[in-house]
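Structural overview
Below are the chains, spelled out letter by letter.
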Amino acid sequence: MRPGSIRGRLVQALVLWSMLWCVALGGAVWVVVQNEIDELLDDSLQSAAEGLIGPLAQSLLTVATVAAVETAAPTASSSGRFMWQVVSHHDGARVVAASRGAPAAALHATPSAGFTDLPGWRIYGLSLGRDARIVYVAQTSDERFEARFEIALAVLLAGLPMALLAMVWLSARVRHEMQPLQNLSQRLACYDPLQPGATLGESEHEELRPVHAAIDALAARLARRVAHERAFTSHAAHALRTPLAGIDAQLAVALREATPPQQDRLRRVRAAAERLQRVVVALLALFRSGAEVQRSTLDLAALAARLQVEGLTLEVQATLPLVADVDLLSAALLNLLDNALHHGASTVALSTPQAGVLRVHDDGRG
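A tally of regular secondary structure across the protein gives 7 helices and 10 strands. Scored against the burial criterion, the 366 residues of the protein give a buried share of 30%. Residue pairs in contact within the protein that sit at least 24 positions apart in sequence constitute 59% of those at least 6 positions apart. Working note: accessible area of the protein is about 22,900 Å², and carbon and sulfur atoms make up 59% of it.

This is how it looks when you write it as C-alpha cells:
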C-alpha cells in the first residue's frame, strides 16, 4: 500500500479542524444570539406593555366595549405573531379588551405579572393598577426562532468564506513549508557521495539541518569504505594474478614432463587452477578500483568469442541490442559459465528476449 504524504495528512487535519472550528463557532454564536435575542425581544415586550398602559387605562375609564378600546388604543399588529389582552382578575379571569387576532379566552387564569411562557407564546404581564386588571403582551415563539435563525445564518455566512479562505491559505502555506523536502529529494537524486567534496549544502530550514548533516556524515563513511575496498581490490589484483599465472605456467611444464598416468591428474589440477583464475578475474573486475560504469552497445557474438571456456559450447541468439559495461558483463558471464561447467553443462545459450535483458540458459543438471 502506498504510504500517505505528510502534506496530505496535514491538509486533511486542517480541513477537519476548520470544519470543527466552524461547527464550534456556529454553536457559540447560536447560544450567544439566542440569549441576546431573547433579552432584546423581552425588552421589546416590556416596552410594548408599558407603552400600552397609558392609552388602555384612559380608554377603559370611558369606554367599556372591546371595539371602543381597539379604536382608542394604539393600532396593534394583526400578523398573528404579536397580540395583547387586558384581563380582569377581580372575579375570575375575564378579557376586558384585546387586539385583533388575540384568543377569546384569557391567557392566564390567575394574575401573572412579569414574563411567563405558554406553548407557542412568550408573555409579559403588567398591572393596570385598578380592578386587578393586567395587560398581557405576547409574542409567538416562531417569531423568536426566526430572528435567532436569521442572525445565526448571517453570522455563519459571513464566517464561512473566511474559514474557507483560511483553509486555502493554510493549505498553500503547508505546501510552501513542505517544499524544502521536495528540494531535498531532488538534491539526493543527483547527489554522488563518492565524488570528492560532495555535500548537500546548507539546508533551507532549520529543522532540516540535522538531516543534511546525517546524510553528509553517511556519505563520508560510505566514501571511506569504498576507498578501502578499492584499495584492497587493487592490491589483490597484483597479489593474486601473478601467483595464479605462475601456477598455470608450472602446471603446463609439469604436464609436458609428466608420465602418461600423471598427465590426467595434472590436467584436472590445471583445469581447477584455470577455473580459480577465471573466478578471481571475474571478482576483481566486479570490484575494480577507481573505475565507473562504462556502458556501450555490445556485440554479443564477439563477446562470447572472448569468453570461450574449455568444455562449453556457446550459442548466441541475440536479436535485440544490448547496452552494458563490457568488463562487468564479462565478469558476470564468466562466473555463470564456470558454474554451468561445474554442474555438467555442455551448451550455454545467450539470448536477448527484450531490450536491455540478457538471458543465459544451459543444459546442465542444475
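Having seen it, we continue.
Bringing the nonpolar core into the picture now. Counting 18 residues, the largest nonpolar core has Leu303, Leu307, Leu329, Leu337 and Val348 as the members making the most contacts within it. It is helix α7 (residues 326-342) that contributes the most residues to this core, 5 residues altogether. Leave out the neighbours within four places in its chain, and Leu303 touches Leu298, Val326, Leu329, Ser330 and Leu333. Listed in part, the 13 residues of the second largest apolar core include Ala49, Val96, Ala97 and Val135.

All right, on to the pairing of strand β3 (residues 114-118) then. When β3 meets strand β4 (residues 121-127), the two strands line up antiparallel, connected through 5 bridges. Bridge pairing in β4 links Phe115 to Tyr124. With antiparallel pairing between neighbouring strands as the criterion, β3 and β4 make up a hairpin whose turn holds 2 residues, including Gly120 at a positive phi of roughly 85 degrees.

Taken as a whole and judged by the stated rule, the model has 1 aromatic pair. Residues Phe115 and Tyr124 carry aromatic rings whose centres are separated by 4.6 Å and whose planes lie at 50 degrees to one another, so their mutual orientation is tilted. The buried category is assigned to Tyr124, whose relative accessible area is 9%.

This part is about the sheet that holds strand β5 (residues 133-140). Strand pairing within a sheet occurs via backbone hydrogen bonds; the two strands may be parallel or antiparallel. Reading across the sheet, the 5 strands line up as β2-β1-β5-β4-β3 and stay open at both edges, with antiparallel pairing between neighbours. Whereas interior strands pair on both sides, the edge strands pair on one side only; in this sheet they are β2 (94-98) and β3. Across this sheet, the average inter-strand angle for adjacent strands is 30 degrees, counted without regard to direction. Along the sheet face, helix α3 (residues 141-189) touches β4 and β5 and points at about 45 degrees away from the line of β5.

Our next topic: α7. With 17 residues, α7 extends 24 Å from end C-alpha to end C-alpha; this agrees with the ideal 24 Å at 1.5 Å per step. Just beyond α7, the residue with positive phi is Gly344, at close to 85 degrees.

Our focus in this paragraph is the confidence of the model for the protein. The predicted structure's coordinates, where accompanied by low pLDDT, should not be read in detail. Confidence in the prediction of the protein, expressed as mean pLDDT, is 77, and 86% of residues score 70 or more. In this model, residues 63-78 is a region of pLDDT below 50 whose contacts with residues beyond four sequence positions or in other chains number 23 contacts.

Turning next to the pattern of salt bridges. Counted by the stated rule, this structure contains 3 salt bridges. The salt bridge involving Asp117 is made with Arg122; its shortest N-O contact spans 2.7 Å. Here Asp117 falls in the exposed class, since its relative accessible area comes to 52%. Owing to a relative accessible area of 17%, Arg122 belongs among the buried residues under this scheme.

Summarising the element assignment, Phe82 is placed in strand β1 (residues 82-88). Sequence spacing of Phe82 and Gly101 is 19 residues, and the spatial spacing of their C-alpha atoms is 8.8 Å.

A word on the sheet that holds strand β7 (residues 313-317). In space, the 3 strands of this open sheet follow the order β7-β9-β10, with mixed pairing throughout. Each edge of the open sheet is held by one strand with a lone partner, namely β7 and β10 (359-362). Each strand axis lies, on average, 20 degrees off the axis of its neighbour in the sheet, ignoring direction. The sheet contact formed by strand β9 (residues 347-351) and β10 spans 4 bridges and is antiparallel. Within β10, the residue paired with Val348 across the bridge is Asp362.

A surface patch of nonpolar side chains, about 470 Å² in accessible area, is lined by Phe145, Phe149, Leu153, Leu156 and Leu157. By the element assignment, Phe145 lies in helix α3. Residue Phe145 is classed as partly exposed on the basis of its relative accessible area of 46%.

Cut-offs and rules
Residues numbered from 1 in each chain as written. Predicted model: local features only at pLDDT ≥ 70, side-chain atom pairs only at ≥ 80, totals over all residues. Heavy atoms only, no water. Helix = DSSP H or I, 4+ residues; strand = E, 2+ residues; numbered from the N terminus. Buried < 20%, exposed > 50% of the residue type's maximum accessible area, 1.4 Å probe, protein only. Contact = heavy atoms within 4.5 Å. Areas by Shrake-Rupley, 256 points an atom, 1.4 Å probe, with all protein chains shown as cover. Core = buried A, V, L, I, M, F, W, Y, C linked by side-chain atoms within 4.5 Å. Pairing = 2+ DSSP bridges. Phe/Tyr/Trp six-rings, centres within 6.5 Å; stacked < 30°, edge-to-face > 60°. Axes fitted to C-alpha atoms, helices over the stretch in contact; angles between N-to-C directions. Expected span 1.5 Å × (residues − 1). pLDDT = per-residue confidence, 0-100. Salt bridge = Lys/Arg side-chain N within 4 Å of Asp/Glu carboxyl O. Patch = residues over 30% accessible without salt bridge, like charges linked within 9 Å, V, L, I, M, F, W, Y side chains within 5 Å.

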